[in-house]
Amino acid sequence: MQRKRLRFENFTVTIFTAQAGEERICPPSELTRGMTVADAPAIAHLLEGKDDARPLHTIPVYTKGGFEALGGDHAPDPRPAGSGATQFVRGIDNYRLRATTEGSEYHCITPRSEIPVFWQRAFVSGRAGGTFEVQPGNFIYIAEGAIELSHQQFRGPTMLEITRPLTATIIEPVMGAKLWR
């Protein structure tokens, strides 16, 4: 599996590219950094009744091909291109991602902080001409495509910190994530 790392002020993004069948072992220290449901009250309702579920510290964006999440004794969980912003993982003691097609790619966003913090997240995608709202305190990661904010164009991969309410206009089909606390 090939990797390329991008560093931004508050986040590091690692872009992983894999061929069909390649697996990446994701250690618990990377996935959750020790966070529990108490560290992520916004998603506590999603974790109820799932004893082996933990809030996910990293934020994935799947851009090409597809992957399967493999963990514990759970069935493989598909992660196709055009999805992401997963909030929790199960079976973290043996968690792996396996590429399902040639040239599969995902972007792994990791918050840069001494103390682990759960970031709320939403997958962002759309076609040219579409729009989405962003608020102060949001960060927008554009993995692929391009948007316009305040008459400026931004092309992925890039990370933007939002300081005032804005409407993003999609210039080229986009995939990414919106992050907030």
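Residues numbered from 1 in each chain as written. Predicted model: local features only at pLDDT ≥ 70, side-chain atom pairs only at ≥ 80, totals over all residues. Heavy atoms only, no water.

A. Up close: the environment of Arg 5. Relative to the assigned elements, Arg 5 resides in strand S1 (residues 2-7). Excluding residues within four positions of it along the chain, Arg 5 makes contact with Thr 12, Val 13 and Thr 14. (Helix = DSSP H or I, 4+ residues; strand = E, 2+ residues; numbered from the N terminus. Contact = heavy atoms within 4.5 Å.)

B. Local environment of the sheet that holds strand S6 (residues 66-70). What the 4 strands build is an open sheet, ordered S3-S10-S6-S7; its pairing is antiparallel. The open sheet is flanked by strand S3 (23-25) and strand S7 (77-80), the only strands paired with a single partner. Within this sheet the neighbouring strands show an average axis-to-axis angle of 25°, counted without direction. Pairing of S6 with S7 involves 4 bridges; the strand directions are antiparallel. (Pairing = 2+ DSSP bridges. Axes fitted to C-alpha atoms, helices over the stretch in contact; angles between N-to-C directions.)

C. Spatial organisation of the pattern of salt bridges. Taken as a whole, this structure holds 9 salt bridges when the rule is applied. The salt bridge partner of Glu 105 is Lys 64, with a shortest N-O separation of 3.4 Å. Of this pair, Glu 105 sits in strand S11 (residues 104-111) while Lys 64 sits in strand S5 (residues 59-64), and the two are 41 residues apart along the sequence. Note on Lys 64: relative accessible area 35%, which makes it partly exposed. Here Glu 144 and Lys 64 are joined by a salt bridge, their closest N and O atoms 2.6 Å apart. Pair noted here: Glu 144 is in strand S14 (residues 139-149) and Lys 64 is in strand S5, with a separation of 80 residues, a long-range link. Here the salt bridges do not stand alone but share partners, grouping Glu 23, Glu 68, Arg 96 and Arg 98 into one network. (Salt bridge = Lys/Arg side-chain N within 4 Å of Asp/Glu carboxyl O. Buried < 20%, exposed > 50% of the residue type's maximum accessible area, 1.4 Å probe, protein only.)

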